[in-house]
Amino acid sequence: MTLHFITKTGIALDMKEKITLIKGHFGPAAAADVLLSLINDKIKFHTVQTLNLTTGMHEDKLSSVERIKELKASKHIVQHLVIKAHKENLELVIDSTINIQLQTRSQS
């Protein structure tokens, strides 16, 4: 059984949604712009999270610190792919989907 709800604008949404964020063929410069912008924004988000978390939220802070490390590694990979594509006159094919699911909040 699929559950739906209607937004104020009349759009029917499921409890699970897929949104295509990026899809297409990109030259090295455009791919770098799109991908590195997204990664840098996520790094900024987690950096702010670590600064805003109080000492009582040690696990959450460690989670953000780990995520920053992962994102920086991903950024390094993207940079190398873009350089390779530029040097070898290649394009990058990017397909990025976001899966969103509504669920009951856990009690903290």
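A few points on the structure. Bear in mind the structure is a predicted one, so any value in this text is a computation, not a measurement. (Residues numbered from 1 in each chain as written. Predicted model: local features only at pLDDT ≥ 70, side-chain atom pairs only at ≥ 80, totals over all residues. Heavy atoms only, no water.)

Looking at the overall build of the protein
Inclusion rule: Helix and strand assignments follow DSSP, with helices taken as H or I runs no shorter than four residues and strands as E runs no shorter than two, numbered in order from the N terminus. Throughout, exposure labels follow a simple rule: accessible area from a 1.4 Å probe, protein chains only, divided by the maximum for the residue type, with under 20% read as buried, over 50% as exposed, and the rest as partly exposed. Should any heavy atoms of two residues lie within 4.5 Å, those residues are counted as being in contact. Surface accessibility in these figures is a Shrake-Rupley result with a 1.4 Å probe; residues are shielded only by whichever protein chains are displayed.
When helices and strands are counted, the protein shows two helices and four strands. Each helix (α) and strand (β) of the protein, taken in turn from the N terminus, gives the series β-β-β-α-α-β. When the 108 residues of the protein are sorted by exposure, 19% land in the buried category. Considering only contacts in the protein between residues 6 or more positions apart, those separated by 24 or more positions represent 65%. Carbon and sulfur atoms provide 57% of the accessible area of the protein, an area that totals close to 8,800 Å².

Details of unusual backbone geometry
Residues other than glycine seldom take positive phi values, yet asparagine 89 does so here, at roughly 55°. With respect to the element layout, asparagine 89 can be found in the loop between helix H2 (58-87) and strand E4 (92-101). Of the residues examined, asparagine 89 reaches a relative accessible area of 72% and is grouped as exposed.

Quick word on helix H1 (residues 28-52)
Using the following cut-off: How far a helix is expected to stretch is found by multiplying one less than its residue total by 1.5 Å.
If you check H1, its first and last C-alpha atoms are 36 Å apart, about what 25 residues at 1.5 Å a residue would give, namely 36 Å. Looking only at H1, the buried set comprises Pro28, Ala31, Ala32, Leu35, Leu36, Ile39, Ile43, His46 and Thr50.

Comments concerning the pattern of salt bridges
Operational definition: Whenever Lys or Arg places a side-chain nitrogen within 4 Å of a carboxyl oxygen from Asp or Glu, that contact is recorded as a salt bridge.
Taken as a whole and judged by the stated rule, the model has five salt bridges. One salt bridge in this structure joins aspartate 95 and lysine 23, with 3.8 Å as the shortest N-O distance. With a gap of 72 residues between them, aspartate 95 in strand E4 and lysine 23 in strand E3 (residues 16-26) connect regions that are remote in the sequence. Both residues of the pair, aspartate 95 and lysine 23, count as exposed. With its nearest N and O atoms 3.7 Å apart, the salt bridge here joins aspartate 41 to lysine 44.

A short note on a nonpolar patch on the surface
Test applied: Nonpolar side chains (Val, Leu, Ile, Met, Phe, Trp, Tyr) within 5 Å and like charges within 9 Å form the patches, drawn only from residues with over 30% relative accessible area and no salt bridge.
On the surface, a cluster of nonpolar side chains totalling about 390 Å² of accessible area is made up of Ile19, Leu21, Leu38, Ile98 and Ile100. Of all the secondary-structure elements, those providing two or more residues to the nonpolar patch are E3 and E4. Looking at isoleucine 100, the relative accessible area reads 38%, which means it is partly exposed.

Quick look at the side chain of histidine 46
Which entries qualify depends on this criterion: Any pair of N or O atoms that falls within 3.5 Å is considered a polar contact. Within protein, one atom must be able to donate a hydrogen and the other to accept it, and sequence-neighbouring residues count only if both atoms are side-chain atoms.
Its location among the elements puts histidine 46 in helix H1. For histidine 46, a relative accessible area of 11% corresponds to the buried category. A polar contact is formed between the side chain of histidine 46 and the side chain of serine 64, at a distance of 3.2 Å.

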